[in-house]
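Residue-level structure breakdown
Next come the chains, spelled out residue by residue.
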Amino acid sequence: MRYFLDTEYNGFGGELISIALVPEHGDQEFYAVLPLPAEVHGWVERNVLPYLRQVPPGLDADTVSREEAAFELARYLAADPDPLVVADWPEDLAHLCNLIVTGPAELAEIGRLRLEFLRTPGFSTARNSRVPHNALHDARSLREFVVGMEA
């Protein structure tokens, strides 16, 4: 199945703050909030942090450690023998890959994982999101755009 990815991070090249995967079918979404860095970029403080925990009831938005987020992600994808993660920004894919590396020569128990970078000129997940700069809502926006374009 395809999963649509979005992340929020502390400015260009900064640490991962939150990550979301939204499945093409169904409503079992993945969302994780990681500990904030010691210094938060001003733009992130104004545009991301106020919306970080705006998720639907029943979806956990508590802060988890980086390692815990990696293991939760592995559990989330475990039932899918051939997950394909789609993102419209390369840094989102980089953050996903870095997250599953849990230590020197160690990774979360993810078997097969395919990644797809999809260029979307003229489309912005944030501009089309119900809650801009919230990874979950932006991932939903990407799903709606891609599925809509294919219909």
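Residues numbered from 1 in each chain as written. Predicted model: local features only at pLDDT ≥ 70, side-chain atom pairs only at ≥ 80, totals over all residues. Heavy atoms only, no water.

Describing the pairing of strand β2 (residues 16-23)
- Counting buried positions along β2 gives 8 out of 8 residues, so the element sits mostly inside the fold.
- In this structure, strand β1 (residues 2-9) lies alongside β2, joined through 7 bridges in antiparallel fashion. Looking at the pairing, Asp6 lines up with Ala20 of β2.
- Connecting β1 to the antiparallel partner β2 that follows it, the hairpin turn spans 6 residues, and Gly11 within it adopts a positive phi of roughly 75°.
- Note that β2 and strand β3 (residues 30-33) share 4 bridges and pair antiparallel. Bridging from a neighbouring strand, Ser18 pairs with Val33 of β3.
- Linking β2 to β3, which pair antiparallel, is a turn of 6 residues; within it Gly26 sits at a positive phi near 95°. (Buried < 20%, exposed > 50% of the residue type's maximum accessible area, 1.4 Å probe, protein only. Helix = DSSP H or I, 4+ residues; strand = E, 2+ residues; numbered from the N terminus. Pairing = 2+ DSSP bridges.)

Side note on the packing of helix α2 (residues 66-77) against helix α3 (residues 90-100)
- Orientation of α2 relative to α3, taken along the N-to-C sense of each, is 100°, at an axis distance of 8 Å. What the angle tells us is that α2 and α3 run roughly perpendicular. Packed against α2, whose contacting residues are Arg66, Ala69, Ala70 and Leu73, the element α3 presents Leu96, Asn98, Leu99 and Ile100 at the interface.
- Here the residues of the contact of α2 with α3 sort into 6 nonpolar, 1 polar and 1 charged. (Axes fitted to C-alpha atoms, helices over the stretch in contact; angles between N-to-C directions. Parallel < 35°, antiparallel > 145°, perpendicular 65-115°, else oblique. Contact = heavy atoms within 4.5 Å. Nonpolar A, V, L, I, M, F, W, Y, C, P; charged D, E, K, R; others polar.)

Brief notes about the packing of aromatic side chains
- What the rule picks out here adds up to 3 aromatic pairs.
- On the numbers, 5.7 Å between centres and 70° between planes, the contact of Tyr3 with Tyr76 is edge-to-face. Remark: Tyr76 occurs in helix α2 and Tyr3 occurs in strand β1; sequence separation between them is 73 residues. (Phe/Tyr/Trp six-rings, centres within 6.5 Å; stacked < 30°, edge-to-face > 60°.)

With respect to the pattern of salt bridges
- Within the structure shown, the criterion is met by 5 salt bridges.
- Here Arg114 and Asp82 are joined by a salt bridge, their closest N and O atoms 3.0 Å apart. With Arg114 in strand β7 (residues 114-117) and Asp82 in the loop between α2 and β4 (84-87), this residue pair connects regions lying 32 residues apart in the sequence.
- Overall, Arg114 belongs to the partly exposed group, its relative accessible area being 32%.
- Take Asp82: its relative accessible area is 28%, and that puts it in the partly exposed class. (Salt bridge = Lys/Arg side-chain N within 4 Å of Asp/Glu carboxyl O.)

Regarding the side chain of Thr120
- Along the chain, the position of Thr120 falls in the loop between β7 and α4 (135-150).
- Apart from the residues lying within four places of it in its own chain, the contact partners of Thr120 are Asp88 and Phe145.

As for the nonpolar core
- Core analysis: the biggest nonpolar cluster contains 23 residues, and Leu5, Ile19, Leu21, Leu73 and Leu99 have the highest contact counts within it.
- When contributions to this core are tallied by element, the ones reaching two or more residues are β1, β2, β3, α2, β4 and α3.
- Beyond its immediate chain neighbours, meaning those up to four positions away, Leu21 contacts Tyr3, Phe4, Leu5, Glu29, Phe30, Leu73, Tyr76, Leu77 and Val85. (Core = buried A, V, L, I, M, F, W, Y, C linked by side-chain atoms within 4.5 Å.)

Thoughts on α4
- In this model α4 runs 23 Å from its N-terminal to its C-terminal C-alpha over 16 residues, within 8% of the 22 Å that 1.5 Å per residue would give.
- Listed in full, the buried residues belonging to α4 are Ala135, Leu136, His137, Asp138, Ala139, Arg140, Ser141, Leu142, Arg143 and Val146.
- Its buried side turned inward, α4 meets β1, β2, β3 and β4.
- Looking at where α4 begins, the residue whose side-chain oxygen comes 3.0 Å from the main-chain nitrogen of Leu136 is Asn134. (Expected span 1.5 Å × (residues − 1). Polar contact = N/O pair within 3.5 Å; in protein donor to acceptor, adjacent residues only side chain to side chain.)

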